[in-house]
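# Per-entry structural report
One-letter residues, chain by chain:
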Amino acid sequence: VGSLAPVNQSDPRDELLAASYAKGSDTTYNSAFISWILWRTCRGQPLLLPAAAPEKHEDELCRYFAHGAVTCGYSAGYMRTKLYSIRRFHLVHRQPLDIRDDAMPFLSLLRRGHKRIAGETRPKKPVTIELLGEIFENGGLDFNTRDGGRVCLAMPLGHCCLCRGGQYIRYPITIRRGLRP
């Protein structure tokens, strides 16, 4: 497919535009954009949504999203990538397409429903001291070896630094120390 950015060797802006996304992002967006090309071509419609009727953009994106999510069974993350590839195509062609939740609330509801159906909204299980103890006792790790010793040191260190670090950012010092204001 090539890059979705128009490249004209005589205009240096086009070279900068082509380099505005990393190679991997460009490849991902190009791949995700193919279904939009098919969607619009099969319906005899141009790839760009009509600039004169922005109120109809959400309806078209909702139909496209529902088809990909339900009929094709794509994951919520992949459908998000598809939407952002469409947004990128419109931006490159100087027709901004705002797909944020507050700009397209019905599309936002469909996206949320798709995440729920796909089971992608389950909260992560918190790492607790009890869970670490369970891993130490029943995890089958041999702490007499060098690798086992490293795991023995890395697990509590990772727990304290990474998992619990957010608590130190979110809560005032008085609450962290167990004192109430």
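One numbering rule holds for all chains: residues counted from 1, following each sequence as written. Local features in a predicted model are, by the rule used here, given only for residues with pLDDT of at least 70; side-chain atom pairs are given and counted only at 80 or more, and totals for whole chains, interfaces and linings are based on all residues. Computation of side-chain values: all heavy atoms of the structure, hydrogens and water removed.

### A look at the overall build of the chain
Of regular secondary structure, the chain possesses nine helices and zero strands. Put simply, DSSP marks the helices as runs of H or I at least four residues long and the strands as runs of E at least two long, and each gets a number from the N terminus on. Shown N-terminal to C-terminal, the secondary structure of the chain runs as helices and strands in the order α-α-α-α-α-α-α-α-α. The contact criterion used throughout is that any non-hydrogen atoms of two residues lie within 4.5 Å. Contacts spanning at least 24 positions in sequence make up 58% of the contacts within the chain whose residues lie at least 6 apart. Accessible surface for the chain amounts to roughly 12,500 Å². Of this, 58% is attributable to carbon and sulfur atoms. Per-residue accessibility takes into account occlusion by the displayed protein chains alone, with areas from the Shrake-Rupley method and a 1.4 Å probe.

### Here's the deal with helix α4 (residues 76–92)
Here a helix's expected span is defined as the number of its residues, less one, multiplied by 1.5 Å. Between its first and last C-alpha, α4 extends 24 Å over 17 residues, near the 24 Å set by a 1.5 Å rise per residue. Burial in α4 covers these residues: Ala76, Met79, Thr81, Lys82, Leu83, Ser85, Ile86, Arg88, Phe89, His90 and Val92. Arg94 lies just past α4 and shows a positive phi near 60°. The cut-offs for exposure are 20% and 50% of the maximum accessible area for each residue type, with area from a 1.4 Å probe on protein chains only; residues under the lower value are buried, those over the upper are exposed, and the others partly exposed.

### A look at the packing of aromatic side chains
Ring pairs are drawn from Phe, Tyr and Trp, using the six-membered ring of Trp, whenever the two centres fall within 6.5 Å, and their geometry is named by plane angle: stacked under 30 degrees, edge-to-face over 60, tilted for the rest. Counted under the stated rule, the structure contains five aromatic pairs. Between Tyr74 and Tyr78 the ring centres are 5.1 Å apart and the planes differ by 75°, which places this aromatic pair in the edge-to-face class. What links up through ring pairs into an aromatic cluster is the set Trp36, Trp39 and Tyr64. Placement of a charge over a ring requires the Lys NZ or Arg CZ to be within 6 Å of the ring centre, with the centre-to-atom vector within 35 degrees of the ring normal. Over the ring of Tyr74 we find Lys82, and its NZ or CZ is 4.9 Å from the ring centre.

### Thoughts on unusual backbone geometry
Positive phi, normally seen in glycine, also occurs at Arg94, with a value near 60°. By the element assignment, Arg94 lies in the loop between α4 and α5 (105–118).

### Topic: the side chain of Asp11
Residue position: Asp11 is located in the segment before α1 (12–18). Here a polar contact means two N or O atoms within 3.5 Å. Within protein one must be a hydrogen donor candidate and the other an acceptor candidate, and residues neighboring in sequence count only if both atoms are side-chain atoms. In this structure the side chain of Asp11 is engaged in a polar contact, spanning 2.8 Å, whose partner is the side chain of Arg13.

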